[in-house]
Amino acid sequence: MCSLFYNVSEEGQVGSAFWDVAEEDKPELHNISKEQLMELSEKWEFEENQRQEKLNNEWKDKVPDDMIMMRDEIRNGRYVVLGCTALYLLMTISDGDASPLSPLQEQIWPLVIVAILLPLQFLVSRQLREVRWYAEEMTAVVYRKGLSGHHFVVSATILERGDELILNSETIWTKEGYDDDGHPVNKKETHYWIEAHRGGQRFGTFGDDWNNKRHLLATIDFLQEKISQ
């Protein structure tokens, strides 16, 4: 999936340096030597760095007409906090020898989990994404702010009136080892991304760099409103 795209010709070919290499231009990776593979890897890394630099130079400091901000979060972290808090209250209130203010020693483990999770959640939430809208250019820009101060533009997508943004997903099962009886343990994970459709045809994807269904749906709602104005 391509996460950086700028424009497409009527034939569907790449129209900007921000696009990935077209499929027909990509070399076959089988039957090549280790040295050739390393050279290709270095070339692709260099080209990606160039694309990123051009993208940052054009959009990083440009003031948007509107934007929404979404902070990173530990998946299901809020539900764990709420569940542990409810369990703690249930354990202490129903016990005649304890109360929420004076629990028994064996009853404080839900609070320990909450005490560990909340600082982690706060730390993770310092990382965020901004979905920026530029009305004149009809461009949606996803801007990433990292925890270490590394800020960069993830994607810049030119849209048109009538375009449709659709949430798509793919579920993958991966083997996580074996249980005590020797049976394989499989892990299910669903990945989400946004597809941009024009005239019933998909012309690109973005948002696949962060796998948060709720945030992606909020992005679609925000951008669809801008497209329809």
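A. Region of the structure containing the packing of helix α2 (residues 77-93) against helix α3 (residues 109-125). As a packed pair, α2 and α3 sit with axes 8 Å apart at the nearest point and diverge in direction by 155°. If you check the angle between α2 and α3, you find them roughly antiparallel. The handedness of the crossing between α2 and α3 is left-handed. Within the contact between the two elements, α2 uses G77, V80, V81, C84, T85, L87, Y88 and M91 and α3 uses W109, P110, L111, I113, V114, L117 and L118. The class makeup of the residues in the contact of α2 with α3 is 13 nonpolar, two polar and no charged.

B. Spatial organisation of the pattern of salt bridges. Summed over the entire model, instances satisfying the criterion amount to 13 salt bridges. Residue R51 pairs with E48 through a salt bridge whose shortest N-O separation is 2.7 Å. Taken as a pair, R51 and E48 lie in helix α1 (residues 34-59) at a separation of three residues, close to a single helical turn. Looking at E48, the relative accessible area reads 28%, which means it is partly exposed. Residue R132 pairs with E130 through a salt bridge whose shortest N-O separation is 2.8 Å. In the salt-bridge network here, residues are joined through shared partners; they are D72, R129, R144 and D209.

C. Representation of α1 within the structure. With 26 residues, α1 should reach 38 Å at 1.5 Å per residue; the first-to-last C-alpha distance of 37 Å fits that figure. Within the span of α1, buried status applies to L40, R51, Q52, L55, N56 and W59. If you follow the buried residues of α1, they end up packed against β2 (128-134), β3 (139-145) and β4 (151-158).

Parameters at a glance
- Residues numbered from 1 in each chain as written.
- Predicted model: local features only at pLDDT ≥ 70, side-chain atom pairs only at ≥ 80, totals over all residues.
- Heavy atoms only, no water.
- Axes fitted to C-alpha atoms, helices over the stretch in contact; angles between N-to-C directions.
- Helix = DSSP H or I, 4+ residues; strand = E, 2+ residues; numbered from the N terminus.
- Parallel < 35°, antiparallel > 145°, perpendicular 65-115°, else oblique.
- Left-handed = near helix turned anticlockwise from the far one by under 90°.
- Contact = heavy atoms within 4.5 Å.
- Nonpolar A, V, L, I, M, F, W, Y, C, P; charged D, E, K, R; others polar.
- Salt bridge = Lys/Arg side-chain N within 4 Å of Asp/Glu carboxyl O.
- Buried < 20%, exposed > 50% of the residue type's maximum accessible area, 1.4 Å probe, protein only.
- Expected span 1.5 Å × (residues − 1).

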